[in-house]
Amino acid sequence: MGNETASEGVRTYVFGPFRLVPDEYLLLRGGVPVTLTPRAFNLLCLLVASAGHLKSRKELIETLWPDTIVEENGLPWNVSAVRKALGDSSEEPRYIETVRGRGYRFIAPVDIEGNGQGDDQREGGARRRRRWPWVTAGVLVGAAVVAVALVISWPRLFGGPQTAAGAPPPRSIAVLPFENLNVGQKDAYFVAGMQDLILTKLAGINGLKVISRSSTLKYRSHPPNLKLVARQLGVATVLEGSVQRHGDQVLVDVQLINAGTDSHIWAHSYQRTLANIFGVEGEVAAKVATALKARLSTAETRRLTTELSGDPVADDLFLRAEYLADRGFIGYNLGLLRRAISTYKSAVVRAPAFALAWARLSINESLLAWLGSKDVKSLEAQARADAEHALRLAPDLSAAHLALGYSDYWGRNDFKAAEKEFSAAVALRPGDANALAARGYVERRQGRFESAIRFLRKALTLDPRNPDRAWGLGQTYMAVNRYADAKRSFRRALALDPDNIIAKIGYADALLYDSGNITHALAEVRGEAPLLLLQQVDFLRYQGKYREALALLKRVPAAADNFSPDTRPKALRQANLYRRMGDGANARPLFEQALTESRAQLERQHGISLAAVWQNIAAAEIGLGRTAEALDAISQARAVFAKTGDRYTLAGYLERDAALYAEAGRPDLAVPLLARALAMPGIGVVYSPVMLWIDPAWDRIHRAPRFQTLLREYAKYQPANRVALTPASTTAGQ
């Protein structure tokens, strides 16, 4: 078997159908890996290496856990885990015999293969975590020797400040995904939740740099190259762990590792019941903070000892909801978000004073409304009420301030109020990447782009492997026309997640707005995902290939998730393409359909989305030849948008209004508005001067003196081998 040949040259213990390779941290049964916790694996190594000899409880504990406090049942629990993995039993043992009152003995015959030198030669003899050189060599090391070794090596484990250039701060940590040692995935939410609870507690300690969970999600629980992982995350230490449930018993095993030396700093096993497992996260965080020499304030100490709700059933529901919400946020899965909201509600029904659950419920309600759920207004009202309730329950809860802030931000477009709440959240948790990013987003909405970039870069430092963070920073660079920086950010997002659709679109837009090269931009968005197809439609439209664009557009399902007011109804997009092809017969009924659909949206939308609905109505009216009605709809859109105070999307909305005026044949209205939009910060995320020579929206007014003056003003942006399009040239390529 492939796994067996991998262990050639290193010492291998063979018993029954099993092959144990300590240096490879590998137990095989018939060539198939058998999962064990690190402690259970090390226990098996010690027992097998001393086959036929009694190992006392004291000796096992002092050898395996020299720097750890072990609870009374810690050793029996691990013996039980080993027996379960081997298919053994205490009543009729085939492998591990219990010597009552004394200890344990491995009783099966053991054959030894290999010379045990391979790993030392590869790694220069350095001790690796979870590997036991004295076991591999068959030498039993006494507790005194282990203790001396720890004393000698301690300065190297966590010595003075690192002075090498680019070295991570010593009080920096990443909490890797915990290993799920349960059968199947039904407990995956619980394992992920325990990791997240510990990480959240640590992130609340001022002076610790704690990497966000979204950056550690894709790593293995026990990566083979810990130094590389630490370097990618920018940390000096790593916390690894595992979780195992058996009936109502839970074992949480954690170990803090110095990534530079790959050595233990601290380790501990926690055995609890489901009724009292919640609270372990605070104990772990406190021990880690002590090991990293972090100074805790009185408030921080109090927060570490604060449990979730005090009701284990409500806490379990909360972990289930968090698990659903995390996966719903990835890819904006509305179905999962709705399930998360329902589960949060169950948690607060069970524990009405559960402030954190109320806050997270509110945030996800606001997110679902922002993503375009059918019941936007009722969701936003409920999100507001839930956020206010969370804040009344816990005025110093950062998540409650975030919840109220997002209610202001998404639900009310009240960016000053949102800034106040996000600032409070950052003050309470200065190391929280989510709070820092929120502050960056609200700075952006108020037109303070350089400040937004600073906050988003801080968030990215704490969440370096999160492609959405890199994408958000790239969008902000685009807003101020820093396309080279934007492209670097989008490339970073794509390096982390090659299938990230919004990063692909962002990179393609940056290419187009920077150079005007439609061919290169189009090559970056190939694919069948609806958003990629819509982007291809836009780029083909810029090339005058309306028939191709229409064929692609027909392949995009007419679902609400694909066509929001901001992206324009499918019928409106189709109608405009038919009109440009000179096919009024097919265009007109589609304009009528788009008008009906858009008017139906007026009662369900507000703020920025409502302004977009009015713009869609204007576009449909223009297509139907009703210019006066179209101009009135544009005025409605501008009036709605003026109330939002949104400086991030203002320039883009003005450009779109200018394009509508141009389609209506009003250069007197279009050109001044277009000139204003092009001069505004924020325009770069949706448009640039290069588009004056590319976008067919200006065909009808391109000969107007005002537009020609604008072209001369921005002449340096004219793409190579590109001239202003004329109506004749755009129809010739059909």
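Bear in mind that the values here come from a model prediction, so they are computed numbers and not experimental data.

1. Let's talk about the overall build of the protein chain
Here is step 1: When helices and strands are tallied, the protein chain shows 34 helices and 14 strands.
Here is step 2: Looking at the protein chain residue by residue over its 734 residues, the buried ones come to 56%.
Here is step 3: Pairs at least 24 residues apart make up 63% of the contacts formed inside the protein chain by residues separated by at least 6 positions.
Here is step 4: Of the roughly 31,100 Å² that the protein chain leaves accessible, carbon and sulfur atoms contribute 53%.

2. Section: empty space enclosed by the protein
Here is step 1: For the coordinates displayed, the defined rule picks out three cavities of 30 Å³ or more.
Here is step 2: A volume near 60 Å³ is recorded for the largest cavity.
Here is step 3: Every element with two or more residues in the lining of the largest cavity is listed here: α8 (188–203) and α13 (312–329).
Here is step 4: Counting residues per element, the lining of the largest cavity draws most heavily on α8, which supplies five residues.
Here is step 5: The residue inventory of the lining of the largest cavity, partitioned by class, reads five nonpolar, one polar and four charged.

3. Structural notes on the confidence of the model for the protein chain
Here is step 1: Mean pLDDT for the protein chain: 86, with 88% of residues reaching 70 or above.
Here is step 2: Segment residues 1–8 is flagged for pLDDT under 50; beyond a separation of four residues in sequence, or across chains, it makes 14 contacts in the model.
Here is step 3: Contacts for the low-pLDDT stretch residues 723–734, under 50 throughout, to residues beyond four places or in other chains number 22 contacts.

4. Description of the pairing of strand β2 (residues 18–21)
Here is step 1: Neither face of β2 is left uncovered, since the one carrying Phe-18 and Leu-20 and the one carrying Arg-19 and Val-21 both have all their residues buried.
Here is step 2: Relative to β2, strand β1 (residues 12–15) is paired through three bridges, and the arrangement is antiparallel. Paired with Phe-15 across the two strands is Phe-18, which belongs to β2.
Here is step 3: Counting the residues that bridge the hairpin from β1 to β2 gives two residues, and of these Gly-16 lies at a positive phi of roughly 55°.
Here is step 4: Examined bridge by bridge, β2 and strand β3 (residues 26–29) share four bridges and lie antiparallel to one another. Residue pairing for β3: Arg-19 is matched across the bridge by Leu-28.
Here is step 5: Following β2, the chain reverses through four residues before pairing antiparallel with β3; Tyr-25 in that reversal takes a positive phi of roughly 50°.

5. Concerning the sheet that holds strand β6 (residues 96–99)
Here is step 1: A sheet is described by the order of its strands in space; here three strands give the open sequence β5-β7-β6, paired in antiparallel fashion. Strands with a single pairing partner mark the edges of an open sheet, and in this sheet they are β5 (54–56) and β6. Each strand axis lies, on average, 30° off the axis of its neighbour in the sheet, ignoring direction.
Here is step 2: Packing against the sheet, helix α2 (residues 38–49) makes contact with β5, β6 and β7 (103–106), and its axis sits at approximately 65° to β7.
Here is step 3: Seen against the sheet, helix α3 (residues 57–64) touches β5 and β7 and runs at an angle of roughly 70° to β5.

6. Side note on the packing of aromatic side chains
Here is step 1: All told, the structure shown has 21 aromatic pairs when counted by the stated rule.
Here is step 2: Following the ring pairs from residue to residue traces out a cluster consisting of Trp-370, Tyr-406, Tyr-409, Trp-410, Phe-415 and Phe-422.
Here is step 3: One residue, Arg-444, lies across the ring of Tyr-648, its end atom 4.2 Å from the ring centre.
Here is step 4: The aromatic ring of Phe-455 is capped on one face by Lys-458, whose charged end is 5.6 Å from the ring centroid.

7. Examining the nonpolar core
Here is step 1: Counting 191 residues, the largest nonpolar core has Leu-202, Leu-692 and Trp-698 as its most contacted members.
Here is step 2: Ranked by residues supplied to this core, first place goes to helix α29 (residues 607–623) with 11 residues.
Here is step 3: Of all hydrophobic cores here, the second largest spans 26 residues; its members include Leu-60, Leu-86, Tyr-104 and Phe-106.

8. So, the environment of Ala-611
Here is step 1: Inspection of the secondary structure puts Ala-611 in helix α29.
Here is step 2: Taking relative accessible area as the criterion, Ala-611 reaches 0% and is therefore assigned buried.
Here is step 3: For Ala-611 and Ala-637, which are 26 residues apart along the polypeptide, the C-alpha to C-alpha distance reads 4.3 Å.
Here is step 4: Filtering out sequence-adjacent residues up to four positions away, Ala-611 remains in contact with Ala-637, Val-640, Phe-641 and Tyr-653.

9. A look at the sheet that holds β1
Here is step 1: Across the sheet, which stays open at both edges, the five strands sit in the order β4-β3-β2-β1-β8 with antiparallel pairing between neighbours. Where the open sheet ends on each side, the last strands, each with one partner, are β4 (32–33) and β8 (111–113).
Here is step 2: Judged from the three bridges that link them, β1 and β8 form a sheet pairing that is antiparallel. Looking at the pairing, Thr-12 lines up with Glu-113 of β8.

10. As for the pattern of salt bridges
Here is step 1: One pass over the structure, following the stated rule, counts 31 salt bridges.
Here is step 2: With a closest N to O distance of 2.8 Å, Glu-419 and Arg-448 form a salt bridge. With Glu-419 in helix α18 (residues 415–428) and Arg-448 in the loop between α19 (433–445) and α20 (449–462), this pair connects stretches of sequence that are 29 residues apart.
Here is step 3: When its relative accessible area of 18% is taken as the criterion, Glu-419 is described as buried.
Here is step 4: Measuring nitrogen to oxygen at the nearest pair gives 3.3 Å for the salt bridge that ties Glu-443 to Arg-439. A residue pair is termed a helical-turn pair when its members lie 3 or 4 positions apart in one helix, as Glu-443 and Arg-439 do in helix α19 at four residues.

11. Regarding the side chain of Glu-281
Here is step 1: Along the polypeptide, Glu-281 turns up in helix α11 (residues 280–291).
Here is step 2: Here Glu-281 is in contact with Leu-197, Ile-198 and Lys-201, once residues within four sequence places are set aside.

12. A closer look at α13
Here is step 1: Across its 18 residues, α13 extends 26 Å between first and last C-alpha, which sits within 8% of the 26 Å expected from 1.5 Å per residue.
Here is step 2: Along α13, the positions that sit buried rather than exposed are Ala-314, Asp-315, Asp-316, Phe-318, Leu-319, Ala-321, Glu-322, Leu-324, Ala-325 and Gly-328.
Here is step 3: Residues of α13 that are buried make contact with α8, β12 (237–246), α14 (334–350) and α15 (355–370).
Here is step 4: With a side-chain oxygen positioned 2.9 Å from the backbone nitrogen of Val-313, the residue opening α13 is Asp-311.

Conventions we followed
- Residues numbered from 1 in each chain as written.
- Predicted model: local features only at pLDDT ≥ 70, side-chain atom pairs only at ≥ 80, totals over all residues.
- Heavy atoms only, no water.
- Helix = DSSP H or I, 4+ residues; strand = E, 2+ residues; numbered from the N terminus.
- Buried < 20%, exposed > 50% of the residue type's maximum accessible area, 1.4 Å probe, protein only.
- Contact = heavy atoms within 4.5 Å.
- Areas by Shrake-Rupley, 256 points an atom, 1.4 Å probe, with all protein chains shown as cover.
- 1 Å grid on protein atoms, 1.4 Å probe; cavity = no way out; pocket = protein on both sides within 12 Å on 5 of 7 lines; lining within 4 Å.
- Points joined across faces, edges and corners; volume = space filled by probe spheres on them.
- Nonpolar A, V, L, I, M, F, W, Y, C, P; charged D, E, K, R; others polar.
- pLDDT = per-residue confidence, 0-100.
- Pairing = 2+ DSSP bridges.
- Axes fitted to C-alpha atoms, helices over the stretch in contact; angles between N-to-C directions.
- Phe/Tyr/Trp six-rings, centres within 6.5 Å; stacked < 30°, edge-to-face > 60°.
- Lys NZ or Arg CZ within 6 Å of the ring centre and 35° of its normal.
- Core = buried A, V, L, I, M, F, W, Y, C linked by side-chain atoms within 4.5 Å.
- Salt bridge = Lys/Arg side-chain N within 4 Å of Asp/Glu carboxyl O.
- Expected span 1.5 Å × (residues − 1).
- Polar contact = N/O pair within 3.5 Å; in protein donor to acceptor, adjacent residues only side chain to side chain.

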